[in-house]
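# Structure assessment
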Amino acid sequence: MILVKSPREIEVMRRAGAVVGRFFEEVRPLILPGISTWDLELFADRFIARNGVRSAFKGYMGYTAHLCTSINEEVVHGIPSKDRVVREGDILSIDFGIVRDGFYGDSAMTFPVGAVSGVSSRLLAVTERSLAVGIGEVRPGNRLGDVSAAVQESVESEGFSVVRDFVGHGIGRSLHEDPQIPNFGKRGVGPKLMPGMTLAIEPMVNAGGWPVEVLADGWTVVTRDRSRSAHFEHTVAVTEDGCCILSIS
Ligand code: MF3
Ligand code: CO
């Protein structure tokens, strides 16, 4: 069942999303060669306290951190660690979510660490653009399949692949609500979008093939062919005339 939010509830979600957006603005300049993903986790811990919000991920299904930090061939759900230090040429995905006044905000971005290869920088650009293209299909009357297909087409036309085993999701008073939002699919199918629906759209894009596997820690998802992967996510709301991005400040 897809829960439709009232305009007042959307306003609360906008304020929750704004905190997430501000986090990414503040963390971006810290992403330099030599920083560990644990340092970023400590920054997130202070950010959460300073903003008086609650962590969305810590404690969720036994997850132990505020952030997911996924380097290079890691797709999603990498766990921050003191011995994961990023180096020039790496790409680092950060996924962060919070709860404010009972509502969730969730967003992710992949950052280059210093100068990165041509393929890596294209992977980041293509993944970020695929999210924009998907968001561009969010309007009343369109179907979820229009969003999924648009993301898939924009990725595959660039020779990259979309992950099949993990999907985006509805979001609101829970981190994960209906509907599931695959980054692949067919136009014209799936639920019809209606004003008040709130969605976390999150393409995960691999430079090589789409298969992934989970490492022995039970969380870290990596590409099976160990090609690099990027991840961009926004929380958005369907409005009367289209959509608005909630996870920006
Ligand atoms: N953005 C991810 C999601 O939407 C974050 C979940 S990771 C977890 O599913 F650690 F919280 F499980
Ligand atoms: Co999400």
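Located above this text is the structure these notes cover.
Residues numbered from 1 in each chain as written. Chains lettered and ligands numbered in written order. Predicted model: local features only at pLDDT ≥ 70, side-chain atom pairs only at ≥ 80, totals over all residues. Heavy atoms only, no water.

Right, let's get into the layout of surface pockets. Here the idea is plain: a probe the size of a water molecule rolls over the atoms and shows the empty space left. In this structure, the largest pocket encloses a volume near 520 Å³. Lining the largest pocket are 24 residues, with Y60, H77, V167, H169 and H176 sitting closest to its centre. Going through the elements one at a time, β7 (168-170) and β8 (177-181) are the ones with two or more residues in the lining of the largest pocket. Here the lining of the largest pocket takes 4 residues from β8, the largest share from any one element. By residue class, the composition of the lining of the largest pocket is 12 nonpolar, 6 polar and 6 charged. Computed from the structure, the second largest pocket encloses a volume of approximately 200 Å³. Around the second largest pocket sit 16 residues that line it, and F24, M109, H234, S247 and I248 are the ones nearest its centre. Mapped onto the lining of the second largest pocket, the elements with two or more residues apiece are α1 (7-27), β5 (103-112) and α3 (118-136). (1 Å grid on protein atoms, 1.4 Å probe; cavity = no way out; pocket = protein on both sides within 12 Å on 5 of 7 lines; lining within 4 Å. Points joined across faces, edges and corners; volume = space filled by probe spheres on them. Helix = DSSP H or I, 4+ residues; strand = E, 2+ residues; numbered from the N terminus. Nonpolar A, V, L, I, M, F, W, Y, C, P; charged D, E, K, R; others polar.)

This part covers the sheet that holds β7. Within the open sheet, the 5 strands sit side by side as β8-β7-β9-β14-β15. Their pairing is antiparallel. Strand pairing shows two members of the sheet lacking a second neighbour, β8 and β15 (242-245), which therefore form its edges. The average undirected angle you get between the axes of adjacent strands in this sheet is 25°. Two strands pair when backbone bridges link them, and strand β14 (residues 234-239) and β15 are joined in this way by 4 bridges, in the antiparallel orientation. Bridge assignment links V238 to a residue of β15, and that residue is C243. The strands that α3 touches are β9 (198-201), β14 and β15; relative to β14, the one it contacts most, it runs at about 15°. (Pairing = 2+ DSSP bridges. Axes fitted to C-alpha atoms, helices over the stretch in contact; angles between N-to-C directions. Contact = heavy atoms within 4.5 Å.)

Core analysis: the biggest nonpolar cluster contains 37 residues, and F23, F24, V27, I94, F96 and I201 have the highest contact counts within it. Of the residues forming this core, the biggest block, 6 residues, is contributed by α1. Not counting residues within four places of it along the chain, the set of residues in contact with V27 comprises L40, F43, I94 and F111. With 17 residues, the next largest nonpolar core counts M13, V99, F103 and A237 among its residues. (Core = buried A, V, L, I, M, F, W, Y, C linked by side-chain atoms within 4.5 Å. Buried < 20%, exposed > 50% of the residue type's maximum accessible area, 1.4 Å probe, protein only.)

The subject of this paragraph is the sheet that holds strand β12 (residues 221-223). Strand order in this open sheet of 3 strands is β3-β12-β11, and the pairing throughout is antiparallel. Edge positions in the open sheet fall to β3 (74-76) and β11 (212-214), since each of these has one partner strand only. Each adjacent strand pair in this sheet contributes to an overall mean axis angle of 40°, direction not counted.

Here the focus is the coordination of the cobalt ion (ligand 2). Protein coordination at the cobalt ion (ligand 2) comes from D106 (OD), H169 (NE2), E202 (OE) and E233 (OE), with a distance range of 2.0 to 2.3 Å. Within one chain, the residues serving as donors to the cobalt ion (ligand 2) are arranged as D-x62-H-x32-E-x30-E. Note that D106 is positioned in strand β5 and H169 in strand β7, a separation of 63 residues in sequence. In this structure, D106 and H169 share a single accessibility class: buried. (Donors = N, O, S within 2.8 Å, 3.2 Å for Na, K, Ca; no water.)

Attention now goes to the pairing of strand β2 (residues 67-71). Here is the key point about a regular strand: its side chains alternate between the two faces of the sheet. Where burial is concerned, most of β2 is hidden: 5 out of the 5 residues are buried. Of the two faces of β2, both are covered, the one formed by L67, T69 and I71 as well as the one formed by C68 and S70.

Moving on, we come to the packing of aromatic side chains. Each aromatic ring pair is characterised by the separation of its centres together with the angle its planes make. With the rule as written, the count across this model stands at 8 aromatic pairs. Grouping aromatic residues by their ring pairs yields a cluster made of F23, F24, F43, F47, F96 and F111. Just above the ring of F184 sits the side chain of R164; from NZ or CZ to the centre is 5.1 Å. (Phe/Tyr/Trp six-rings, centres within 6.5 Å; stacked < 30°, edge-to-face > 60°. Lys NZ or Arg CZ within 6 Å of the ring centre and 35° of its normal.)

The next point concerns α1. Between its terminal C-alpha atoms α1 stretches 30 Å, which fits the 30 Å expected from 21 residues at 1.5 Å a residue. Of all the positions in α1, only I10, V12, M13, A16, G17, A18, V19, V20, G21, F23, F24 and V27 are classed as buried. Tucked into the core, α1 has its buried residues touching α2 (37-51), β2, β4 (91-100), β5, β9 and β14. (Expected span 1.5 Å × (residues − 1).)

A few words now on α2. With 15 residues, α2 should cover 21 Å at 1.5 Å per step; its first-to-last C-alpha distance of 21 Å lies within 8% of that length. Trailing α2 by a residue or two, G52 shows a phi angle of about 60°, which is positive.

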